[in-house]
Amino acid sequence: MNKIIPILPCDNIKTLVNFYSNLGFECTKIYTQPNAYAVLRYEDIEIHFFGNKKFIPSENPSMCVLQVDDVDKICEEFTAGLKMAYGKVPRTGIPKITKVRDLVDDRRFTLTDTGGNTIYVITSNKKDYEVVFRSLYNNEYAKDFYILYDALYSKEDKKVAANMLSKLIHIKDNLEDCDKAKFLLVEIEILGISEGSSSINLLKQLIENNKGKNGFWKDVENRYIQLFKVE
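Rules and cut-offs
Residues numbered from 1 in each chain as written. Predicted model: local features only at pLDDT ≥ 70, side-chain atom pairs only at ≥ 80, totals over all residues. Heavy atoms only, no water. pLDDT = per-residue confidence, 0-100. Helix = DSSP H or I, 4+ residues; strand = E, 2+ residues; numbered from the N terminus. Buried < 20%, exposed > 50% of the residue type's maximum accessible area, 1.4 Å probe, protein only. Pairing = 2+ DSSP bridges. 1 Å grid on protein atoms, 1.4 Å probe; cavity = no way out; pocket = protein on both sides within 12 Å on 5 of 7 lines; lining within 4 Å. Points joined across faces, edges and corners; volume = space filled by probe spheres on them. Nonpolar A, V, L, I, M, F, W, Y, C, P; charged D, E, K, R; others polar. Polar contact = N/O pair within 3.5 Å; in protein donor to acceptor, adjacent residues only side chain to side chain. Contact = heavy atoms within 4.5 Å. Salt bridge = Lys/Arg side-chain N within 4 Å of Asp/Glu carboxyl O. Core = buried A, V, L, I, M, F, W, Y, C linked by side-chain atoms within 4.5 Å. Expected span 1.5 Å × (residues − 1). Axes fitted to C-alpha atoms, helices over the stretch in contact; angles between N-to-C directions. Left-handed = near helix turned anticlockwise from the far one by under 90°.

Student: Even after reading the chapter, I still don't get the confidence of the model for the protein chain, so can you show me in this structure?
Tutor: Regions with low pLDDT should not have their predicted coordinates read in detail. For the protein chain, mean pLDDT is 89; residues scoring 70 or higher make up 93% of the total. When pLDDT is averaged over each helix and strand of the protein chain, the minimum, 71, is found for helix H3 (residues 129–134) and the maximum, 97, for helix H1 (residues 13–23).

Student: Could you clarify how one ought to interpret the pairing of strand E5 (residues 63–67) in this entry?
Tutor: On a regular strand, one side chain projects to one face of the sheet and the next to the other, so that they alternate. Because side chains alternate across E5, one face comprises the buried residues Cys64 and Leu66, and the other comprises Met63, Val65 and Gln67, none of which is buried. Judged from the five bridges that link them, E5 and strand E9 (residues 118–124) form a sheet pairing that is parallel. Bridge pairing in E9 places Leu66 opposite Val121.

Student: Can you walk me through unusual backbone geometry in this structure?
Tutor: A negative phi angle characterises most non-glycine residues, just as the trans form characterises most peptide bonds. Residues Gln33 and Pro34 are joined by a peptide bond in cis, for which omega reads -5°. Its location among the elements puts Pro34 in the loop between strand E2 (26–31) and strand E3 (37–42). That bond from Ile94 to Pro95 is cis: its omega, 0°, falls within 30 degrees of zero. Mapped onto the elements, Pro95 comes out in the loop between helix H2 (71–86) and strand E6 (96–97). Of note, Glu43 is a non-glycine position whose phi angle comes to about 55°, a positive value.

Student: Quick question: what am I supposed to make of empty space enclosed by the protein here?
Tutor: To locate leftover empty space, one rolls a probe as large as a water molecule over the atoms. One pass over the full model with this rule turns up one cavity of 30 Å³ or more. Looking at the largest cavity, the residues that line it are Phe25, Tyr42, Ile45, Leu66, Val68, Ile74, Phe78 and Val121. Of the residues contributing to the lining of the largest cavity, the split by class is eight nonpolar, no polar and no charged.

Student: What is the right way to read the side chain of Asp106 from this model?
Tutor: Looking at where Asp106 falls in the secondary structure, it is placed in strand E8 (residues 106–112). A polar side-chain atom of Asp106 sits 2.8 Å from a polar atom in the side chain of Arg108. Setting aside anything within four residues of it in sequence, one finds Asp106 in contact with Arg101, Ile122, Thr123, Ser124 and Asn125.

Student: What should I look at first to understand the pattern of salt bridges in this one?
Tutor: Side chains that carry opposite charge are capable of pairing whenever their charged atoms lie near each other. Applying the stated criterion across every chain, the model contains ten salt bridges. Where Glu46 meets Arg41, a salt bridge forms, and the shortest distance between an N and an O atom there is 2.7 Å. For Glu221, the salt bridge is made with Lys218, and the minimal N-O distance between the two is 3.8 Å. Here the residue Glu221 and the residue Lys218 both occupy positions in helix H8 (residues 215–227), the gap between them amounting to three residues, near one helical turn. Exposure remark for Lys218: the relative accessible area of 47% places this residue in the partly exposed category. When salt bridges with common partners are traced through the structure, they connect Glu43, Lys73 and Glu77 into a single cluster.

Student: Looking at this model, I keep getting lost on the nonpolar core. Mind explaining?
Tutor: Core analysis: the largest hydrophobic core is formed by 32 residues, its most contacted members being Phe145, Leu148, Phe183, Val186, Ile190, Leu203 and Val220. Of all the secondary structure elements, the ones that give two or more residues to this core are helix H4 (139–154), helix H5 (158–168), helix H6 (177–191), helix H7 (198–209) and H8. With eight residues, the top contributor of residues to this core is H4. Contacts of Ile190, omitting those with residues within four sequence positions, involve Leu148, Leu152, Lys158, Ala161, Ala162 and Leu165.

Student: How should the environment of Tyr141 be read in this particular structure?
Tutor: On the secondary structure map, Tyr141 appears in helix H4. Those residues in contact with Tyr141 that sit more than four places away from it in its chain are Leu136, Ile171, Asn174 and Leu175.

Student: Looking at this structure, how should I read H6?
Tutor: Three- or four-residue spacings in an α-helix give side chains the same orientation, since the helix completes a turn every 3.6 residues. Given a rise of 1.5 Å per residue, 15 residues ought to cover 21 Å, and the 21 Å separating the end C-alpha atoms of H6 matches this to within 8%. Counting buried positions along H6 gives twelve out of 15 residues, so the element sits mostly inside the fold. Asp179, Lys180, Ala181, Lys182, Phe183, Leu184, Leu185, Val186, Glu187, Ile188, Glu189 and Ile190 are the residues of H6 that are buried. Gly192 sits one or two positions beyond H6 and adopts a positive phi of about 65°.

Student: Help me understand the packing of H7 against H8 in this model?
Tutor: Helix-helix packing: each pair is described by the crossing angle between the helix axes and the interaxial distance. Two elements in contact, H7 and H8, have axes whose closest approach is 10 Å; the angle formed by their N-to-C orientations is 145°. Seen from above, H7 lies across H8 with left-handed handedness. On H8, the residues touching Ile200, Leu203, Lys204, Leu206 and Ile207 of H7 are Trp217, Val220, Glu221 and Tyr224. When the residues that make up the contact of H7 with H8 are grouped by side-chain class, the tally is seven nonpolar, no polar and two charged.

Dropping the structure here:
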């Protein structure tokens, strides 16, 4: 079987091994002399790491893509492990983990380890799920919404997305149910709106009113559940 195994850097091999152990990885080999080195496995995924005390995690440009069958399951397991280890889910700084999000070609989350390595964990899209959610039926607002969606999910720039949202918030009342649901999901993601807010209540009402109509509304409901999953 052909495969590629990445070898990534870190400043402290023991700290890094402990971090990945919290995620559910098994350390199959670890050396501290003459050179720091570790081999870590998660199911059939294998990653190697080398240590250098002079290495600065915040300046680390190293990246790696892990393709998995079920990105949501992996994210849940990693998030639960980090919450148990840190007492909360680290969303900023080093280390950190993001929520699962949808891009054009895949569904993914991003993990930054203690060495500053960026790990993209992805599952390829098997349907036009993402195309549906980034497109509005309303031609007048479709282009602006597409740019807003791209800023949030593809460019991952929530500050720019929030700026754009403030200029587009007025269109929400002019949208039909399907488009309104898409807009509300993006609004909730950008602003981090809490359960019980008017936007949340409106989205829940739309889901309830359209239950059983088509697969789109089931996808809306699933996305809503993912946004408010207890961490």
